Amino acid sequence: MGRVLSRLIALVWQPTLKSLRGWALASVIANAVIIATGAAVRLSSSGLGCPDWPTCTKTSAVAAQSTGQTTLNTWIEFSNRLLNFPLVAIAGLTFIAFLRYYLTHGRERKDLLWLSAVLPLGVIAQAVLGGILVLLKLPPALVAAHFLLSTAIILTSAVVLHARTSALAAAVAGSPAPPPVRADLRVLAGLLAAITAVMLAAGTVVTGTGPLAGTTIDEHGHRTTVPRFHFSLESVTQLHADIGWFIGALAVALVVGLRYAGGSRRTVRLGWIVLVGLGVQGVIGYVQYFNHLPAGLVWVHVSSSVLVWIFVLQLCLSTGTGMGRPATRTVAGDEQAAGESLAASPPIKTITL
């Protein structure tokens, strides 16, 4: 146990580029999981299996039976709340590790520090907003904001942090840079990411308009429908689908462009993954709509959208879009300093990132 603790402390206090990549990846995974479990909370019965906050009920800090709620629904929400503790721990340790890197490496990569700082701050904001949601009984606008905060800000920061750390590690190790991507294809990749973000926002409007927006249950077991967006469900669903078709067309154009106009093997592979993912999402979307939005299938659709967003971001970043201003970095000549150690040593050459 002591050896494990010492190893963990070293990974945070004396981080290597490899461990920094590991912390960034852990943040990506942790945030994706919390978003998926949060969707399960909102789609299971009322989404208020624990009707109070920060405790589960007014008389219990842990999961306890509440009038009108099933045990399953209570434990789904309470488990989601518990997951915030490891999420906060991972976010905090990630920030500390990147802060140590920043302080011991000449403060050249301030962008990495700021991205890592978003993680703990975002998780705290997410927890507070989640508590307000419970206390206000699930207003749909705040439910949408809660999802978009997690996805478009916190998860995005984690994905960008991982991509930039990976690029730094590759450059320091002397790995050959991927072939350049044409400027028009970089613009197309950025547009794909932007419209995908719009589609995620449109999806929250569809959910807030439809039958799964949520219900509240009083102490007598009476159900009351929470406020919903006053839109036509057919209209907002059609808008969501139209955006999906547009994104599909962008993905096809980008994949063809990368395949025939230059692009690394990884970028082309990511393009195909995004294209297939969008196709699967489209099929799930139409199936759930024509089957009157079963909660389980909607959960699959929401959770899959998170994965699609991650791969869209990776695709965009792999083209060079959003990778930040190049920086120079002094690298030691021995192999250990080139890829792993953060110990100071005499500079031998300069690598441009």
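Residues numbered from 1 in each chain as written. Predicted model: local features only at pLDDT ≥ 70, side-chain atom pairs only at ≥ 80, totals over all residues. Heavy atoms only, no water.

Time to look at the overall build of the protein chain. Tallying secondary structure elements over the protein chain gives 10 helices and four strands in all. Secondary structure of the protein chain in N-to-C order comes out as α-α-α-α-α-α-β-β-α-α-α-β-α-β. Within the protein chain, the proportion of its 353 residues that are buried is 48%. Here the analysis covers contacts within the protein chain between residues at least 6 apart in sequence; of these, 74% occur between residues at least 24 apart. With the model as given, the accessible surface of the protein chain reaches about 17,600 Å², and the carbon-plus-sulfur share is 69%. (Helix = DSSP H or I, 4+ residues; strand = E, 2+ residues; numbered from the N terminus. Buried < 20%, exposed > 50% of the residue type's maximum accessible area, 1.4 Å probe, protein only. Contact = heavy atoms within 4.5 Å. Areas by Shrake-Rupley, 256 points an atom, 1.4 Å probe, with all protein chains shown as cover.)

In this section: a nonpolar patch on the surface. Where nonpolar side chains cluster on the molecular surface, the patch consists of Trp53, Ile124, Val128, Ile132, Leu135 and Leu136 and spans about 530 Å² of accessible area. Mapped onto the secondary structure, Val128 falls in helix H4 (residues 110-135). (Patch = residues over 30% accessible without salt bridge, like charges linked within 9 Å, V, L, I, M, F, W, Y side chains within 5 Å. Salt bridge = Lys/Arg side-chain N within 4 Å of Asp/Glu carboxyl O.)

Turning our attention to the confidence of the model for the protein chain. Overall, the prediction assigns the protein chain a mean pLDDT of 82, with 81% of residues at 70 or greater. Across residues 325-353, confidence stays below pLDDT 50; counting only partners more than four residues off in sequence or on other chains, it has 58 contacts. (pLDDT = per-residue confidence, 0-100.)

Counting 44 residues, the largest nonpolar core has Leu17, Leu155, Val159, Leu161 and Ile310 as its most contacted members. Of all the elements in the fold, those that place two or more residues in this core are helix H2 (17-43), helix H3 (71-104), H4, helix H5 (140-172) and helix H9 (295-318). In terms of residues, this core owes the most to one element, H5, which gives 12 residues. Ignoring anything within four residues of it in the chain, the contact list for Leu155 reads Val28, Asn31, Ala32, Ile35, Ser150, Val306, Trp309 and Ile310. Counting residues in hydrophobic clusters, the runner-up holds 25 residues, among them Leu192, Leu278, Val308 and Leu315. (Core = buried A, V, L, I, M, F, W, Y, C linked by side-chain atoms within 4.5 Å.)

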